Amino acid sequence: MANHSPLRFKNRIFYALVAAGGLVVLMGLYAAHMMEGHGHIITGMNNQIVWGMPHVFAIFLIVSASGVLNVSSIGSVFNKPAYKARAPLAGLLSIAMLAGGLSVLMLDLGRPDRIIVAMTRFNPTSVFAWNIFLYSGMFAAVALYLWTMMEKRMNPWSKPAGLLVFVWRFVLTTGTGVIFSFLVARQAYGTALLPPMFIVMSFAWGMAVFHVAQSSIYEWNEKLLDPYVQKRMKNLMGVLVIAAFYFVAAYHLTNLYFARQTGFERFILLDGGIYPLIFWIGYFLLGNLLPLLLIYHPALGKSRSILSASLLIILGGFSFLYVFIIGGQAFPLSIFPGYQVTSSFGDGAIGLYQPSLPEIMLGMGGVGIAFLITTIGVRVLDFVPHELPKSA
Amino acid sequence: MSDTNEMSNTSEQRRQFLKTSVGAAAVAIAPGMLMFDMAHGKTEAVSGKVRWGMLINTANCEDCDKCVKACNKENGLSGGLSPTDSQWIRKVELKDMRTERSLALPMMCQHCAEPPCVDVCPTGASFKRADGIVLVDKHICIGCRYCMMACPYKARSFVHEPLHDQKPDVPRGKGVVESCTMCVQRIDKGLQPACAEACPNKSILFGNLNDPGSEISIKMRTEASTQVRADLGLDTGLRYQGI
């Protein structure tokens, strides 16, 4: 163990990072305070687009929190040493992102002061209520898993704990997908394809987040990542991006085949203004094509391009969620199929949504929380991967 | 002897004092009790034997918004039409895309027997009363808006701003979701919902769907009516004619 001196941030960088992260968190809290005082009128959300930017951030963080555990699952459940060495960092990132995402969701509530009501009154038919249980259980399961890995006496238990986390995160991401698939009347949602799609997306996004965190930690500590490990992880990430894209394609193709859904697909993929633009440029081009090129092109695929690919995959994730959540609500509900509809309440009209600064600040605050927890965690505890002499 | 006299005098005074006090107390409390009863209406619990519903005849629905105005007045809504304002009832203009036939109708909470909003609500704030009215408990709603995502009829509004001058009978609150209550405060006093009462052509027929002899049941038995998005199988309490 003596030669595995823990890689730790240099003091100055560490404090600068904590200060920067803290500032972002403070901005998020200030936004939440403003929303609490003025009401949601200061956000871009309204009675048609009821979930906005905070939900894009929160769902990205929660889905990625599950996906980042890929690394630990491959290590603990499937016994790959290169991944096992990274399992603690994956666990930390998972807890950090879960905390960030849940904070955003909670602070966006109309009555965040009633969070205790949400904790004490469960409606058994509500997916949201199940998720409150799934999210808090996830914290506990990952914390237990970290303990079994980091406390030598508990090491023999790390495999069963890893298995628990493996199962739990599948259920958790299913729960997140089901939030949307249980919406019976919305054209964009209400399909059983969403839970598996969210699971595969979580793999891709989680890998990308892990890569960014790992590369940053190595870079700042002036360490080089074992090229073998890097190659394996980048190839896996590429496969996961393709798999996630497959699900998105299947989702849209199915919709295109149903006559009643073609109007929605036209809107989201072709003439819906900002939404097709973000889908094709943000999600498809920057979030899929370009990262795949960076990963698989023979001349590329080095650490810089993998870092860029990871950042682009994250951007693609945000783009996808923006189109899925906000674009999905912007398309009017089909209340009277076959009729052209107008009213004072936006019936038959495309919903207007302009994200406002406070809601973006709130979302960023969630990212800030995840960043702070990770930065401090890596500093105070031994989360950095220790390469075994022969990690192959 | 004089001692006994004094004692009986004293007890007489005491008795008198007690009588006066009880009388005064009764006079003081009685109006309060009466007003308490008046304010709370009927005290018996809502019964599942009743299912309140409405039958809306679109053929008679004129180019007016008296139902909307009456709702706003009864429930203390601002009547604002911005995307962040609450609208518990709205007039929807429809035009058949093939035949170009046009019609208008009032749209509000359909008071489903299987309400998606109640299913998805994490805290149970969205609930269905025994008599079929779907309501939001304003004290339990945490403002997550999942019910708004789940409602197929766009019937719900979220209170985006602080409220002033609320109606005592109609509790509302910033940061919680609200929708048509079928004027539950009026129904509990034996009155009709404000929209039904305000309609000049009696296009909105209100009544008990479970009573085979009620006007609404008779009409629904003898004339054609449909549920909006009947394909969803929600068994709505509101039925429409002419769509």
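Here is what the cut-offs are and how they apply
Residues numbered from 1 in each chain as written. Chains lettered and ligands numbered in written order. Predicted model: local features only at pLDDT ≥ 70, side-chain atom pairs only at ≥ 80, totals over all residues. Heavy atoms only, no water. Helix = DSSP H or I, 4+ residues; strand = E, 2+ residues; numbered from the N terminus. Rg over C-alpha atoms; globule rule 2.2 N^0.38 Å. Buried < 20%, exposed > 50% of the residue type's maximum accessible area, 1.4 Å probe, protein only. Contact = heavy atoms within 4.5 Å. Areas by Shrake-Rupley, 256 points an atom, 1.4 Å probe, with all protein chains shown as cover. Lys, Arg positive; Asp, Glu negative; His and termini not counted. Charge placed at Lys NZ, Arg CZ, Asp CG, Glu CD. Phe/Tyr/Trp six-rings, centres within 6.5 Å; stacked < 30°, edge-to-face > 60°. Lys NZ or Arg CZ within 6 Å of the ring centre and 35° of its normal. Domains from an automatic or database assignment. Buried area = accessible area lost by both parts, 1.4 Å probe. Salt bridge = Lys/Arg side-chain N within 4 Å of Asp/Glu carboxyl O. Pairing = 2+ DSSP bridges. Axes fitted to C-alpha atoms, helices over the stretch in contact; angles between N-to-C directions. Polar contact = N/O pair within 3.5 Å; in protein donor to acceptor, adjacent residues only side chain to side chain. Core = buried A, V, L, I, M, F, W, Y, C linked by side-chain atoms within 4.5 Å.

### Here we look at the overall build of chain A
Scanning chain A from terminus to terminus reveals 14 helices and one strand. Relative to its length of 392 residues, chain A is compact, with a C-alpha radius of gyration of 21 Å against a globular reference of 21 Å. A total of 392 residues make up chain A; the buried ones form 57% of that total. When contacts within chain A are restricted to residue pairs at least 6 apart in sequence, long-range pairs at least 24 apart make up 80% of them. For chain A, the accessible surface area stands at approximately 16400 Å², while carbon and sulfur atoms represent 72% of it. Charge centroids of chain A, computed over 24 positive and 13 negative side chains, lie 11 Å from each other.

### A look at the packing of aromatic side chains
Here the structure, examined in full by the defined rule, presents 32 aromatic pairs over all chains. Relative to A:F324, the ring of A:Y189 lies with its centre 5.0 Å away and its plane at 70 degrees, an arrangement referred to as edge-to-face. Within this pair, whereas A:Y189 is found in the loop between α8 (158-181) and α9 (194-220), its partner A:F324 is found in helix α13 (residues 303-330), the two being separated by 135 residues in sequence. For the pair A:F267 and A:Y275, a centre-to-centre distance of 5.7 Å together with 45 degrees between the ring planes defines the contact as tilted. The ring of A:F14 has A:R379 lying over it, and the distance from NZ or CZ to the ring centre is 4.4 Å. One residue, B:K154, lies across the ring of A:F345, its end atom 4.4 Å from the ring centre.

### Some details on the environment of A:N221
Residue and element names in this part refer to chain A. Mapped onto the elements, N221 comes out in the loop between α9 and α10 (227-257). What makes N221 buried here is its relative accessible area of 13%. Placed 62 residues apart in sequence, N221 and Y283 show a C-alpha to C-alpha distance of 32 Å.

### Observations concerning the domain arrangement of chain B
Here the domain parsing of chain B yields domain 1 (1-40) and domain 2 (52-241). With centres defined by C-alpha atoms, the gap from domain 1 of chain B to domain 2 of chain B works out at 52 Å.

### Re the interface of chain B and chain A
Contacts between the two partners involve 55 residues from chain B and, on the opposite side, 53 residues from chain A. With both sides pooled, the region where chain B packs onto chain A buries about 4600 Å², and carbon together with sulfur makes up 58% of that total. When residues of chain B are sorted by the area they lose upon contact with chain A, B:Y146, B:M149 and B:K154 head the list and together hold 18% of the total. At the boundary of chain B with chain A, the tally comes to two salt bridges. For the side of chain B that touches chain A, the elements supplying multiple residues, two or more each, are β2 (89-96), β3 (102-108), α3 (116-120), α4 (146-150) and β6 (157-158) of chain B. Counting residues per element, the side of chain B that touches chain A draws most heavily on β2(B), which supplies seven residues. In this structure, strand β1 (residues 339-343) of chain A lies alongside β2(B), joined through five bridges in antiparallel fashion. Looking across to β2(B), one finds that A:Y339 is bridged to B:D96.

### Description of the pairing of β2(B)
Residue and element names in this part refer to chain B. Here β2 pairs with β3 via seven bridges, running antiparallel. Note on β3: the bridge partner recorded for V92 is L105. Remark: five residues form the turn of the hairpin made by β2 and β3, two consecutive strands paired antiparallel; E100 in that turn has positive phi of roughly 65 degrees.

### So, the sheet that holds strand β9 (residues 238-241) of chain B
Residues and elements named next belong to chain B. Here we have three strands laid out as an open sheet, ordered β8-β1-β9, and mixed in their pairing. Of all strands in the sheet, those with a lone pairing partner are β8 (204-208) and β9, marking the two edges. Across the sheet, the axes of successive neighbouring strands diverge by a mean angle of 20 degrees, strand direction being ignored. As paired strands, strand β1 (residues 52-57) and β9 are joined by four bridges and run parallel to one another. Note that in β9 the partner of M54 across the bridge is L238. Its contacts with the sheet place helix α7 (residues 215-222) against β1, β8 and β9, and it is angled at close to 110 degrees to β8.

### Things to note about the side chain of A:S126
With respect to the helices, strands and loops of the structure, A:S126 is situated in the loop between α6 (115-120) and α7 (127-150). There is a polar contact of 3.2 Å between the side chain of A:S126 and the backbone nitrogen of A:F128. Once residues lying within four places of it in the same chain are set aside, the contact partners of A:S126 are B:D119, B:V120, B:C121 and B:P122.

### A few points about the nonpolar core
The biggest cluster of nonpolar side chains holds 168 residues, and the ones touching the most others in it are A:F180, A:F336 and B:Y146. Among the elements that line this core, the one with the most residues is α9(A), at 17 residues. The contact partners of A:F336, leaving out residues within four places of it in the chain, are A:V341, B:V92, B:L94, B:L105, B:M107, B:V228 and B:I243. A:A32, A:M35, A:L107 and A:M361 belong to the second-largest nonpolar core, a separate cluster that totals eight residues.

### Some details on the pairing of β8(B)
Residue and element names in this part refer to chain B. For β8, a buried count of five out of five residues is recorded, marking the element as mostly surrounded by other parts of the structure. Relative to β8, β1 is paired through five bridges, and the arrangement is antiparallel. Paired with I56 across the bridge in β8 is I204.

### Focus: the sheet that holds β2(B)
Pairing within the open sheet is antiparallel, and its three strands lie in the order β1(A)-β2(B)-β3(B). Each end of this open sheet is capped by a strand with a single partner; those strands are β1 of chain A together with β3 of chain B. Neighbour-to-neighbour, the strand axes of this sheet turn through a mean angle of 30 degrees, independent of strand direction. Where helix α2 (residues 66-75) of chain B meets the sheet, its contacts fall on β2 and β3 of chain B, and the angle it forms with β2(B) comes to roughly 160 degrees.

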